[in-house]
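Given next are the chains, with one letter for each unit.
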Amino acid sequence: MPTCSEARSSLISLLRGVEHFNTEVFPAKESLFAGLADGQSPGALFIACADSRINPNLITQTEPGDLFILRNIGNIVPAYGEMLGGVSSAIEYAVLGLGVSAIIVCGHSDCGAMKALMAPEKAGLDKMPTVASWLRNAEAARASLGDFNAEDAGPATVRSLSEQNVLLQIAHLRTHPAVAAGLARGTLYLQGWFYDIGSGVISILDEQSRKTVSIADTITRLENAEETA
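Residues numbered from 1 in each chain as written. Predicted model: local features only at pLDDT ≥ 70, side-chain atom pairs only at ≥ 80, totals over all residues. Heavy atoms only, no water.

- The name given to the protein in an unreviewed UniProt entry is Carbonic anhydrase, and the organism recorded there is Acetobacter cibinongensis.
- Note on the protein: under the UniProt heading Function (unreviewed entry), the record states "Reversible hydration of carbon dioxide."
- For the record of the protein, the UniProt heading Sequence similarities (unreviewed entry) holds the text "Belongs to the beta-class carbonic anhydrase family." (UniProt positions renumbered as here; feature names shortened; annotations may be inferred.)

Next up, the structure:
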């Protein structure tokens, strides 16, 4: 836990950042923000973990207004009807209110939520009942890995669980009425990503093969589909 002095310094650092934004960054992009002042029309809903190391706009090289971003612990999407609330309402609004054409679920390496799912005692979930309850929405991903010793689990196991969790949350997305309707109309794409923080590499998770596919191969596949449509 931070000391009182450290907490104060952290807040001051944030405020200094706001000062820099107001005096340097905003003036340089004033026309961009002028165009966003009266509305938004993002092309995609980006569902990411709340992990501080994940920056959706940075890894997709997008600007403010391009992504409708939904973040929570473990990039989790409860199946429709399980936990109606912030996540389900954001999905419904993104699809029906904003008309996004893609939904991305992005997992990542060294995910604390996945580590906690593997070893709840070690993560101290007994003292975080709300987190423990939330992570039940990813329990099927944990079960898909079979039996393993959580104490011996390394980065590869965490990655496997993170990838299985992304695929599970994509399946949960399909239970949401707004998503199901968009898929039926052919106006909505769902895609799962895995982001390796250390290398910067993002892989696409194929739902059918349940294996990773490169960005380049995925782009080629989409471009070929457009040509034959």
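1. Considering the UniProt feature "binding site: Zn(2+)" (unreviewed entry) in the protein
Moving on, step 1. Following the UniProt record, one finds the feature "binding site: Zn(2+)" (unreviewed entry) at Cys49, Asp51, His108 and Cys111. Separation in sequence by 63 residues is not matched in space for these annotated residues, since their most distant C-alpha atoms are only 9.0 Å apart.
Moving on, step 2. Along the chain, the position of Cys49 falls in strand β1 (residues 44–49).
Moving on, step 3. Look past the residues within four positions of Cys49 in its chain and what remains in contact with it is Ile54, Arg71, Asn72, Ile73, Gly74, Asn75, Cys106, His108 and Cys111.
Moving on, step 4. By secondary structure assignment, the location of Asp51 is in the loop between β1 and α3 (56–60).
Moving on, step 5. Of the residues examined, Asp51 reaches a relative accessible area of 14% and is grouped as buried. (Helix = DSSP H or I, 4+ residues; strand = E, 2+ residues; numbered from the N terminus. Contact = heavy atoms within 4.5 Å. Buried < 20%, exposed > 50% of the residue type's maximum accessible area, 1.4 Å probe, protein only.)

2. A closer look at the environment of Ala140
Moving on, step 1. Along the chain, the position of Ala140 falls in helix α8 (residues 139–144).
Moving on, step 2. On the basis of relative accessibility, which here comes to 47%, the residue Ala140 falls in the partly exposed class.
Moving on, step 3. For the pair Ala140 and Leu168, spaced 28 residues apart in the sequence, the C-alpha separation amounts to 7.5 Å.

3. Things to note about the pairing of β1
Moving on, step 1. Counting buried residues in β1 gives six out of six residues, a clear majority hidden from the surface.
Moving on, step 2. Pairing of β1 with strand β2 (residues 67–72) involves six bridges; the strand directions are parallel. Note on β2: the bridge partner recorded for Ala48 is Arg71.
Moving on, step 3. Alignment of β1 against strand β3 (residues 102–108), held across five bridges, turns out to be parallel. Looking at β3, one finds that Phe46 is bridged to Ile104. (Pairing = 2+ DSSP bridges.)

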